[in-house]
Amino acid sequence: MKKFLKVTAVVMVFAMLACFAACGADDKGAEKGTLVMATNAAFPPYEYKEGDAFVGIDIEIAQAIADKLDMTLEIKDVEFGSIIGGVQTGKFDMGIAGMTVTDERLKSVNFSTSYATGIQVVIVASGSDIKSLDDLKGDGSMKFGVQQDTTGDIYASDTAENGGYGEDNVIRYKTGADAVQALKAGKVQAVIIDNEPAKAFVEANEGLEILDAEWAREDYAIAIAKENTELLEKVNNALAELKDEGKLAEIINKYIPAK
Ligand code: ARG
């Protein structure tokens, strides 16, 4: 028992020392100012994890912006649907998550200038009877898988007169990857998601294909709180510089090589 206590004491001292070192480093970061970005890192090639590291187009753009503002970037990996609310309340400085600019979202937050285009596409099982958009039906004969709170969810869940398939025919998943697994398991017959993640998922999973049709074309931008016009301006300036320097194209080409 005594020995155990001694070992515990030694461990505690080490833990304290480690904490001091870490706190010191943190102080330096605080001096520089921290730029907190919220994302949902299951959306390759925009944001995903390689081991413990966050990688992807949005991560590198955010880092490049933070560098320009001489700030330390902090990444929070959260549910996609909680990003806008967190930006609104100031929990996060900005949301970068392959996020589409929509009128509805513009009621809650501001968006930077757009830095990329997204296209909503449809993934089906190879050899599926669904060959074109015309084969998609909201009559109960098929289920649609989407990532909760994404534009794919919003459009698909809409009523037939608005071009959707009806709430009852849509199954919402936490991530796009989960929706794709449900497609593979036959729980849904189509997944509606952005084109680049769709390509990444189809590449990583056998037996899937993307319909040769565009469901909707959208602009991606960075969400920033309405009050924080100072940051909006800084981010827009940084984005303009990154564009002029060719850095933006370089980052995008790294993850989406031009064919
Ligand atoms: N572009 C879509 C939207 O804004 C999907 C974005 C999902 N992003 C993510 N990191 N999971 O709703």
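Chemist: Which residues make up the pattern of salt bridges, and what values go with them?
Modeler: By the definition in use, this model includes 12 salt bridges. Linking Lys 68 and Glu 245 is a salt bridge whose minimum nitrogen-to-oxygen distance equals 2.7 Å. Here Lys 68, found in helix α2 (residues 57-68), pairs with Glu 245, found in the loop between α8 (229-244) and α9 (247-255); they are 177 residues apart in sequence, far enough to count as distant. The partly exposed category is assigned to Lys 68, whose relative accessible area is 32%. As a salt-bridge pair, Lys 107 and Glu 104 come within 3.1 Å of each other at their nearest N and O atoms. The two residues Lys 107 and Glu 104 agree in class, both being exposed. What you see here is one network of salt bridges that share partners, running through Lys 68, Glu 241 and Glu 245.

Chemist: Any details on empty space enclosed by the protein? Residues and values, ideally.
Modeler: Sizing a probe to match a water molecule and rolling it over the atoms shows the empty space that remains. Summed over the entire model, instances satisfying the criterion amount to one cavity of 30 Å³ or more. For the largest cavity, the calculated volume is near 90 Å³. Lining the largest cavity are 14 residues; nearest its centre among them are Phe 43, Phe 80, Ala 97, Gly 98 and Thr 150.

Chemist: Help me get a handle on the sheet that holds strand β1 (residues 34-39), residues and values and all.
Modeler: Strand order in this open sheet of five strands is β4-β1-β5-β13-β6, and the pairing throughout is mixed. Of all the strands in the sheet, just β4 (72-77) and β6 (109-111) have a single pairing partner and so form its edges. Note: β6 against strand β13 (residues 223-225), three bridges, orientation antiparallel. Residue Asn 110 lies in a different strand from β13, and its bridge partner there is Ile 224. Contacting β1, β5 (94-95), β6 and β13, α8 crosses the sheet at an angle of about 150 degrees to β13.

Chemist: Explain the layout of surface pockets to me, and be specific about the residues and the numbers.
Modeler: Computed from the structure, the largest pocket encloses a volume of approximately 270 Å³. Forming the boundary of the largest pocket are 11 residues, of which Glu 196, Lys 199, Glu 203, Tyr 255 and Pro 257 lie nearest the centre. The element best represented in the lining of the largest pocket is helix α7 (residues 195-204), accounting for four residues. Along the lines of polarity and charge, the residues of the lining of the largest pocket split into seven nonpolar, no polar and four charged. Reported here for the second largest pocket is a volume of approximately 160 Å³. Taken together, Tyr 46, Tyr 115, Ala 116, Thr 117, Ile 119, Asn 195, Glu 196, Lys 199, Arg 217, Ile 252 and Ile 256 make up the full set of residues lining the second largest pocket. At the level of elements, β7 (116-125) and α7 are the ones that each hand at least two residues to the lining of the second largest pocket. Its residues assigned to classes, the lining of the second largest pocket comprises six nonpolar, two polar and three charged.

Definitions and cut-offs
Residues numbered from 1 in each chain as written. Predicted model: local features only at pLDDT ≥ 70, side-chain atom pairs only at ≥ 80, totals over all residues. Heavy atoms only, no water. Salt bridge = Lys/Arg side-chain N within 4 Å of Asp/Glu carboxyl O. Helix = DSSP H or I, 4+ residues; strand = E, 2+ residues; numbered from the N terminus. Buried < 20%, exposed > 50% of the residue type's maximum accessible area, 1.4 Å probe, protein only. 1 Å grid on protein atoms, 1.4 Å probe; cavity = no way out; pocket = protein on both sides within 12 Å on 5 of 7 lines; lining within 4 Å. Points joined across faces, edges and corners; volume = space filled by probe spheres on them. Pairing = 2+ DSSP bridges. Contact = heavy atoms within 4.5 Å. Axes fitted to C-alpha atoms, helices over the stretch in contact; angles between N-to-C directions. Nonpolar A, V, L, I, M, F, W, Y, C, P; charged D, E, K, R; others polar.

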